[in-house]
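What follows is the residue order along each chain.
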Amino acid sequence: MPFVSSFAPGRVELLGNHTDYNQGVVLSAAIDLGITARGRRREDGRIVLTSDGIAGVVEAGVADLAAKDSWADYPLGVTKVLKDAGYPVGGFEAEFSSTLPPGAGLSSSAALEVSTAVLLTRIFDFAIAPLDLAKLCRKAENEFVGVSCGLLDQVSSLFGKKDHAIYLDCRAETVATIPFPHDVGLLIVHSGVKHALTGGEYNERRDQCFEAAKILGVPALRDATSAQLAAAAMPPLVKRRAAHIVGENERVFAAVDFLKQGDVAAFGRLMSDSHRSSIGNFENSTGELDALVEIAGGQPGVYGARLTGGGFGGAIVALVDLAAIDTIAQAVEAGYLQKTGNKGTAYRCLLGDGALMHG
Ligand code: GLA
């Protein structure tokens, strides 16, 4: 059997933190770091998986797929979900290699899911509409791995477009791409403190958002306005959680206009506002992420910075003047080490193509 391959990028969330499972809006981008999968069909009904950087081989039977509490739960979950949905998936072997830093909040999980799904469409020669593929991957993460994530990561990994941001409306389930200015770059800095969504905080935040929507009497926080929220009676903690989501949706709507006008400074200010809301309202930041945002924000040529993705560790993203990106990267790494004693790692990222554009 011949080998085939796939590549699925990680993503960076630009604005719209935790809005996806509240039927809201998000701006993100696929990046030029990701996961490559290479594999081929097996005739014995076995699934045999390896990953560079992780010792050992994971084996399972395609007829008998159960979670193993391992990195392989993502590919195994995707296989099960595709099979249960009636796609002609059988035994296969695959090896994965990654350029994405794990635990940085850049969606190595979604890249693993999407690279598996695209690999399986190529090994077993079937097609799925991209949005359906994204939903099946999310289903694998929700039901097999047990994280109640929204659709942002999988959509970003699939729908990315070189030099474009992605605008996702999670209620309408529509995706659009918006050209990104050429003279600005994205500097992603990993705090070195791992982010793991399986930690439970993520699902807890989700429940608090749903509670707020229930108290407000709306189907989802997408439907709430700041004024309505301010006037409502609810536990202060729940209100702050909701304020983050409502504010993030408003910031995304404003940012889309700024992006279309090429107003990078205004876009950057919204990113910094977003981080302040993470600190004060959603409490999904950490001391390390705050230090990075503060240090980045003090550098000439930085328009704004915020945590990216789920939070509780991971990375920040800064919108920077492309001509100064190397100087900024060095200054942020050095300042972070001095302030916290931790080693941060800066990645100068390009906005890249999604998985289906990679042959
Ligand atoms: C994680 C989840 C996404 C989204 C972000 C926060 O990346 O997987 O679905 O909720 O956090 O915006």
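Residues numbered from 1 in each chain as written. Predicted model: local features only at pLDDT ≥ 70, side-chain atom pairs only at ≥ 80, totals over all residues. Heavy atoms only, no water.

## Describing the layout of surface pockets
Move 1: Of the voids in this model, the largest pocket is the one considered here, and its volume is about 930 Å³.
Move 2: Taken together, 43 residues form the lining of the largest pocket, with Tyr-74, Pro-102, Gly-103, Ser-108 and Ser-109 sitting closest to its centre.
Move 3: Elements represented by at least two residues in the lining of the largest pocket include exactly strand 1 (4–15), helix 1 (73–84), strand 5 (92–98), helix 2 (108–123), helix 3 (130–145) and helix 4 (152–159).
Move 4: Residue classes in the lining of the largest pocket are distributed as 17 nonpolar, 17 polar and nine charged.
Move 5: Mapping the lining of the largest pocket onto the domain boundaries places at least three of its residues in each of domain 1 (4–178) and domain 2 (179–349).
Move 6: Reported here for the second largest pocket is a volume of approximately 240 Å³.
Move 7: Lining the second largest pocket are 17 residues; nearest its centre among them are Asp-20, Tyr-21, Asn-22, Gln-23 and Arg-138.
Move 8: Sorting elements by how many residues they give to the lining of the second largest pocket places helix 5 (residues 201–216) first, with three residues.
Move 9: Looking at the lining of the second largest pocket, its residues break down into nine nonpolar, four polar and four charged.
Move 10: Counting the residues that make up the lining of the second largest pocket, at least three belong to each of domain 1 (4–178) and domain 2 (179–349). (1 Å grid on protein atoms, 1.4 Å probe; cavity = no way out; pocket = protein on both sides within 12 Å on 5 of 7 lines; lining within 4 Å. Points joined across faces, edges and corners; volume = space filled by probe spheres on them. Helix = DSSP H or I, 4+ residues; strand = E, 2+ residues; numbered from the N terminus. Nonpolar A, V, L, I, M, F, W, Y, C, P; charged D, E, K, R; others polar. Domains from an automatic or database assignment.)

## Structural notes on the domain arrangement of the protein
Move 1: What the domain assignment lists for the protein is domain 1 (4–178) and domain 2 (179–349).
Move 2: For domain 1 and domain 2, the distance between their C-alpha centres works out to 24 Å.
Move 3: Contacts between domain 1 and domain 2 engage 40 residues on the former and 50 residues on the latter.
Move 4: Here domain 1 packs against domain 2, burying approximately 3,600 Å² in sum over the two surfaces, 64% of which is carbon and sulfur. (Contact = heavy atoms within 4.5 Å. Buried area = accessible area lost by both parts, 1.4 Å probe.)

## Some points on the site of the ligand
Move 1: Within the structure, the ligand sits among 15 residues, and Glu-13, His-18, Asp-20, Asp-153 and Tyr-202 are positioned closest to it.
Move 2: For the ligand, an oxygen atom lies 2.7 Å from a polar atom in the side chain of Arg-11.
Move 3: Between the ligand and His-18 there is a distance of 2.7 Å, counted from an oxygen atom to a backbone nitrogen or oxygen.
Move 4: Considering the ligand on its own, with 310 Å² of exposed area, one finds that the protein chains cover 98% of that surface.
Move 5: Judged by the fraction of its atoms near the pocket grid, the ligand is located in the largest pocket.
Move 6: Sorting the residues of the shell around the ligand by element identifies strand 1 and helix 4 as the ones contributing at least two each.
Move 7: Here the shell around the ligand is built from residues that sort into five nonpolar, six polar and four charged.
Move 8: For the shell around the ligand, the domains that each give at least three residues are domain 1 (4–178) and domain 2 (179–349). (Near = heavy atom within 4 Å. Polar contact = N/O pair within 3.5 Å; in protein donor to acceptor, adjacent residues only side chain to side chain. Areas by Shrake-Rupley, 256 points an atom, 1.4 Å probe, with all protein chains shown as cover. Sits in = over half its atoms within 2 Å of the grid points.)

## Description of the packing of helix 9 (residues 287–297) against helix 10 (residues 325–340)
Move 1: With their axes 9 Å apart at the nearest point, helix 9 and helix 10 run at an angle of 135° to one another. In terms of axis orientation, helix 9 runs oblique to helix 10. Helix-helix and strand crossings are classified by hand; for helix 9 and helix 10 the assignment is right-handed. Contacts between helix 9 and helix 10 involve Glu-288, Ala-291, Leu-292, Glu-294, Ile-295 and Ala-296 from the first element and Ala-331, Val-332, Gly-335, Tyr-336, Lys-339 and Thr-340 from the second.
Move 2: Residue classes in the contact of helix 9 with helix 10 are distributed as seven nonpolar, two polar and three charged. (Axes fitted to C-alpha atoms, helices over the stretch in contact; angles between N-to-C directions. Parallel < 35°, antiparallel > 145°, perpendicular 65-115°, else oblique. Left-handed = near helix turned anticlockwise from the far one by under 90°.)

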